[in-house]
Amino acid sequence: MVKMKINLTILLGLLFFSFGLWAQKSSVNVSGTIKDKASGNTLPFVNIVLKKMADSLFIAGTISNDDGLFTLSNVKPGDYLLEVSYIGYKKNSSPLFIGSNSEFIDLGAFVLEEDVQQLDEVVVIAQQDAVASAMDKKTYSVDDNVSQSGGSVLQSMNNLPGVTTQDGQVLLRGNNQVVVLIDGKQTAITGFGNQNGLDNIPASAVEKIEIINNPSARYDANGNAGIINIILKKEEETGLNGKAGIAAGLGALWVRKENLPGIRPQYQLTPKINPSLSLNYRKKKVNLFLQADNLYTETLNKNEFVTRTYDDGTVINQQLKRNRNTNFFTSRAGVDWFMSEQNTLTVSGYFSQESIKDYGDQPFFSGTTGESLRLWQFLEDEVLTAAMASFVFEHKFLQPGHKLNIGFNYTFDREDEKYFFTNTTPSFTAEESFFLIADQKVADFTIDYTKPLKHGLLETGFKFRRRTIPTDMQFNPSDENSVLDTGADGVATYKETIPALYGNYTYEVKKLEAEIGLRVEYVDLEYDVDPNHNTYQSDGYTYFQPFPNARLSYKINDQNKLSVFYNRRVDRPDEVDIRIFPKYDDSEIIKVGNPALQPQFTNSFELGYKNSWDEGYFYGAAYHRMADGTITRIATTVDTTNLIYNISQNAGKSSNTGIEVVISQELSDKISINLNLNGYYNQIDSFTVVNQYPIENTFTAQQQEVYSGNIKLNTNFKFGKNTEAQLTAIYLAPDIIPQGTIDSRFSLDVGVKRAIQKGKGELFLNATDLLNTMVIRKEIKGNNFFYTSADYYETQVIRFGYNYKF
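Residues numbered from 1 in each chain as written. Predicted model: local features only at pLDDT ≥ 70, side-chain atom pairs only at ≥ 80, totals over all residues. Heavy atoms only, no water.

Novice: Looking at this model, I keep getting lost on the overall build of the protein. Mind explaining?
Specialist: Scanning the protein for helices and strands turns up three helices and 44 strands. By the compact-globule yardstick of 28 Å for 806 residues, the protein fits well, its C-alpha radius of gyration being 30 Å. Each principal axis of the C-alpha atoms in the protein carries an extent, and together these give about 125 × 65 × 45 Å. Classification of the 806 residues of the protein by burial places 50% in the buried group. Across the protein, the fraction of contacts at a sequence separation of at least 24, relative to all contacts at a separation of at least 6, is 67%. A total of about 36000 Å² of accessible surface is found on the protein, and carbon and sulfur atoms cover 57% of it. Considering the protein, the positive charge centre built from 77 side chains and the negative charge centre built from 95 side chains are found 9 Å apart. (Helix = DSSP H or I, 4+ residues; strand = E, 2+ residues; numbered from the N terminus. Rg over C-alpha atoms; globule rule 2.2 N^0.38 Å. Buried < 20%, exposed > 50% of the residue type's maximum accessible area, 1.4 Å probe, protein only. Contact = heavy atoms within 4.5 Å. Areas by Shrake-Rupley, 256 points an atom, 1.4 Å probe, with all protein chains shown as cover. Lys, Arg positive; Asp, Glu negative; His and termini not counted. Charge placed at Lys NZ, Arg CZ, Asp CG, Glu CD.)

Novice: Got a minute to help me understand the environment of Asn-405 in this structure?
Specialist: Secondary-structure assignment places Asn-405 in strand β20 (residues 403-424). Asn-405 sits 41 residues away from Thr-446 along the chain, and the two C-alpha atoms are 7.9 Å apart. Ignoring anything within four residues of it in the chain, the contact list for Asn-405 reads Val-392, Phe-393, Glu-394, Thr-446, Ile-447 and Asp-448. At 3.3 Å, the side chain of Asn-405 forms a polar contact with the side chain of Glu-394. (Polar contact = N/O pair within 3.5 Å; in protein donor to acceptor, adjacent residues only side chain to side chain.)

Novice: Could you clarify how one ought to interpret the pattern of salt bridges in this entry?
Specialist: Charged atoms that come close allow side chains of opposite charge to pair. Inspection of the entire model under this criterion finds 39 salt bridges. In this structure, the salt-bridge partner of Asp-220 is Arg-519, at a minimum N-O distance of 3.0 Å. Of this pair, Asp-220 sits in the loop between β12 (206-212) and β13 (226-232) while Arg-519 sits in strand β24 (residues 512-529), and the two are 299 residues apart along the sequence. Residue classification places Asp-220 among the buried positions, given a relative accessible area of 14%. We classify Arg-519 as buried; its relative accessible area is 3%. Between Asp-574 and Arg-467 there is a salt bridge whose closest N-O contact spans 2.9 Å. Remark: Arg-467 occurs in strand β22 (residues 456-476) and Asp-574 occurs in the loop between β26 (560-571) and α3 (575-578); sequence separation between them is 107 residues. We note that Asp-574, like Arg-467, is buried. The network of salt bridges with common partners includes Asp-220, Lys-463, Arg-519, Glu-521 and Arg-572. (Salt bridge = Lys/Arg side-chain N within 4 Å of Asp/Glu carboxyl O.)

Novice: Would you take a moment to explain the confidence of the model for the protein for this structure?
Specialist: Atom-level detail of predicted coordinates should not be read off regions where pLDDT is low. Of all residues in the protein, 93% attain a pLDDT of 70 or more, and the chain-wide mean is 88. Confidence drops under a pLDDT of 50 for residues 1-24, and excluding neighbours within four residues, the segment shows three contacts in the predicted structure. A low-confidence stretch, residues 117-127 (pLDDT under 50), is modelled with five contacts involving residues beyond four sequence positions or located in other chains. (pLDDT = per-residue confidence, 0-100.)

Novice: Explain the side chain of Asn-676 to me, please; I cannot follow it from the model alone.
Specialist: With respect to the secondary-structure elements, Asn-676 resides in strand β33 (residues 671-684). From its side chain, Asn-676 meets the backbone oxygen of Val-661 in a polar contact 3.0 Å long. Residue contacts for Asn-676: discarding those within four places in its chain leaves Pro-161, Gly-162, Glu-660, Val-661, Val-662, Asn-710, Ile-711 and Lys-712.

Novice: Help me understand the packing of aromatic side chains, please; the structure alone is not making it clear to me.
Specialist: A ring pair, where both rings are aromatic, is described by two values, the distance of the centres and the angle of the planes. Under the defined criterion, the tally for this structure stands at 25 aromatic pairs. Aromatic pair Phe-434 and Phe-475: ring centres 6.1 Å apart, planes at 75°, arrangement edge-to-face. Within this pair, whereas Phe-434 is found in strand β21 (residues 429-453), its partner Phe-475 is found in strand β22, the two being separated by 41 residues in sequence. By relative accessible area, which is 1% here, Phe-434 ends up buried. Seen in terms of ring centroids, Tyr-804 and Phe-806 are 6.5 Å apart; in terms of plane orientation they differ by 20°. Their pairing is stacked. Of the residues examined, Tyr-804 reaches a relative accessible area of 29% and is grouped as partly exposed. One aromatic cluster in this structure is built from Trp-376, Phe-378, Tyr-419, Phe-421, Phe-434, Phe-475 and Tyr-584. The ring centre of Phe-305 lies 5.0 Å from the NZ or CZ of Lys-257, which sits over that ring. (Phe/Tyr/Trp six-rings, centres within 6.5 Å; stacked < 30°, edge-to-face > 60°. Lys NZ or Arg CZ within 6 Å of the ring centre and 35° of its normal.)

Novice: Explain the sheet that holds strand β27 (residues 589-592) here, please?
Specialist: Strand pairing in a sheet takes place through backbone hydrogen bonds and is either antiparallel or parallel in direction. Taken in spatial order, the three strands line up as β27-β31-β30 in an open sheet, and their pairing is mixed. Whereas interior strands pair on both sides, the edge strands pair on one side only; in this sheet they are β27 and β30 (631-636). Sheet twist, expressed as the mean angle between neighbouring strand axes with direction ignored, is 30°. Where β27 and strand β31 (residues 644-650) come together, four bridges link them in parallel fashion. Note on β31: the bridge partner recorded for Ile-590 is Tyr-645. (Pairing = 2+ DSSP bridges. Axes fitted to C-alpha atoms, helices over the stretch in contact; angles between N-to-C directions.)

Novice: Help me understand a nonpolar patch on the surface, please; the structure alone is not making it clear to me.
Specialist: Nonpolar side chains collect at one region of the surface, where Leu-240, Leu-277, Tyr-281, Val-286, Leu-288, Trp-337, Met-339 and Phe-806 lie side by side and expose about 700 Å² of accessible area between them. Going through the elements one at a time, β15 (270-283) and β16 (286-310) are the ones with two or more residues in the nonpolar patch. Structurally, Leu-277 can be placed in strand β15. (Patch = residues over 30% accessible without salt bridge, like charges linked within 9 Å, V, L, I, M, F, W, Y side chains within 5 Å.)

Novice: Got a minute to help me understand the sheet that holds strand β8 (residues 137-141) in this structure?
Specialist: Strands sit in the order β8-β12-β13-β11 across an open sheet of four strands; the sheet is mixed. Bordering the open sheet on either side are β8 and β11 (178-182), each of which pairs with just one other strand. Across this sheet, the average inter-strand angle for adjacent strands is 15°, counted without regard to direction. Both β8 and β12 contribute to a ladder of five bridges, which runs antiparallel. Among the inter-strand pairings, Ser-141 is bridged to a residue of β12, identified as Lys-208.

Right under this line is the structure:
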């Protein structure tokens, strides 16, 4: 019995010993997060080195990723020294014991403290590549865009690689189906569907701009060309700090083309002024922030000369001149409550009001006799008011990067437009008007969950949106000779419900990265039309669709990387595309929506390559997009009045194929360049559509195709330690637009800024379109007409300003 007990004891001992040997790990994966001590923000591209404690022998090294996370793989158990270093920060050295009980060790957060040297006013600037390591997005600091300081966000974007602007909208790689976000959210300011308002958001309010050509499933599925994320300024340093600034400018320095006879003068020497203030106060568990900007501008917003030629020989020469006064006030305030190490609640509010007054003249003359046919003069008085309340709760789990976010956003905005016009012809004069009220209400509820894994990241979440827009259009015709279609006003209501689920998984090993995601959306859209409307009836659509995304990247070596992408996305018609009321901004080219409009679905493919070296990098991408149900506007004439009706329609299939190249190089410690080349082939297949307004008519278009592109060269100069300058040259090649073409364009921008007051103050001076060469020339062909146009709107602006940080 004793022998048996001894044997059993030995057996159990050997068994437990063998389990212990099996449980001990021969190698361990070590992870952690790097943060700034003062702000708590994560730090990307920080150097992490692991050394043997005994002899300081180098064992492993890496850098933190875009989110501050790092991983050291296949580390043997033992005693080590972990060194964390970053330019401008004090080195953090910590002893580290790595045991063998777990395959994974999470070191938590390492904090780095800024290394502020008071001996001399030395400023060390570390600048990361604009193109992210995954090649899925490009990030640009607005402060680095010296030649566009003091202007609007739209003007600032005009200098960014891959971006062009046209008719107040942003195009990515020649495509305007772009979703614009503010701090990762859709807002009334930039549009919940079609982009808008970018020309009136002050660039002074913006920290950086992200261009996301290949969005993952965590983003909404709309926007086939990609996403632009505008990140507003927000400080989080301890105590009271902030930034104040003032910018002013003058535009339309001289008349580029004289008016046609009989109208009011064009705006000249148009003033601009933009005061701004950003405040932040942080103490213990509370962070308060406030930001306010006011941008007042007078602009020659449009100065378009048009010649229309009809098949019957009629020729009409016209001009549309619009002098615009705009005041745009925007404010953002909120509080971050750090309830504990793991829980944060952020409550914020956003309020803006944009007041626009357009003083317009539109004369019409016979192209054959020169006689005056009509003079249309108008005042458009529009006020756009928006308010948003946001509640975000974040729970951070013990593992770095492992978190849960729950958010609710409610937005209300009102479009209040009053349009007064006088219509003068040789036989009569009539004064008429129309009023529009549109109230948009949007509620978004979101849940987002993120968990870092051994070799990647898992993201999943849910979003629910309810959006309603009741619209009331009232025509006020004269007693006789009215040009208003009095049966086409009334009321309509846009109602949109979108629940969505998504999941996205990223896997990464030494040489290979893979990402796969799926977003599933159900959309129910109803558009209720006034039963008394003379043309349209209530309509809408529903769909339940998957939107997958995928990325596969291969790291050839530390300097070279290949990535391939796939995305399926949708562009849903926005309310203004559907809006049934004729718009008389141009008295003889009338825009009307279409409630029968359907979504546009797009599949996109991309191959990217990045090569990095010490003083720069090369980024190249080849892409191809195929769209079905292309949303566009069709210009037609239907009667003997020579009026042109611009109707929203689905034009069938289209494609966009191209190559984008970005080359960034420091030529010396004084000069650096960033060259962007973008060439593409656009094709719109032949199509036939039936327009309902003003009467049923059929339009057929032949296939359109063109090779186009653009070139942008940003050259940056440093003069001493306090002065920087930038010269930007932009060339846009001819391109196709619906039913026509747009001619080539060129501009040259220049700017300079100087740091003063020991780096706390800054002076800047810049000029956009220095040579005054940016003119928009178009050719449009319709069913029985064609027209050519040249728009000499205001593009040349000189600005100067001052900013102070405290």
